[in-house]
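# A closer look at the structure
One letter stands for each residue in the lines below.
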Amino acid sequence: MPHLLAFSYSHCIVNPVEPIRVSIKDTGPGIPEQIQTKVFDPFFTTKPVGEGTGLGLSLAYQTINKHQGKISLSSDGRSGTEFIIDLPIERCATAASID
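Here we summarise the structure given alongside this text. Note that the structure is a prediction, hence the values are computed from the model and not measured. (Residues numbered from 1 in each chain as written. Predicted model: local features only at pLDDT ≥ 70, side-chain atom pairs only at ≥ 80, totals over all residues. Heavy atoms only, no water.)

## Focus on the pattern of salt bridges
Pairing between side chains of opposite charge can happen when their charged atoms approach one another. Evaluation of the coordinates by the stated rule reveals two salt bridges. R21 serves as the salt-bridge partner of D86, at 2.7 Å between the closest nitrogen and oxygen. Remark: R21 occurs in strand β1 (residues 7-25) and D86 occurs in strand β3 (residues 81-98); sequence separation between them is 65 residues. Across the pair D76 and R78 runs a salt bridge whose closest N-O atoms are separated by 3.7 Å. Here D76 falls in the partly exposed class, since its relative accessible area comes to 41%. (Salt bridge = Lys/Arg side-chain N within 4 Å of Asp/Glu carboxyl O. Helix = DSSP H or I, 4+ residues; strand = E, 2+ residues; numbered from the N terminus. Buried < 20%, exposed > 50% of the residue type's maximum accessible area, 1.4 Å probe, protein only.)

So, in structure tokens, the structure goes:
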């Protein structure tokens, strides 16, 4: 019985110049300017004690950062907030294949 050998490898390049952008926008009251710099801090919340952990945006920030991405927010503090997430694209191409 013949032995079958399959071999392939790929080369992946992360391209930070062409990220995938995800935008999430609401029509709420917005985030006041004085707290916009704090929203990604662990345990930061505007809710009363016992009603929120303040971990949601902190965990989102950490996860996106771990994948070499960026998250930012845009809000005038009066009408709506937009969160923008940029993630780098990884392009892979099979460089060789031997069957």
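## Details of unusual backbone geometry
Positioned with a positive phi, F43 is a non-glycine residue whose angle comes to about 70°. Along the polypeptide, F43 turns up in the loop between β1 and α1 (56-66). Phi at Q68 is positive, roughly 65°, even though this residue is not glycine. As for its placement among the helices and strands, Q68 is situated in the loop between α1 and β2 (70-75).

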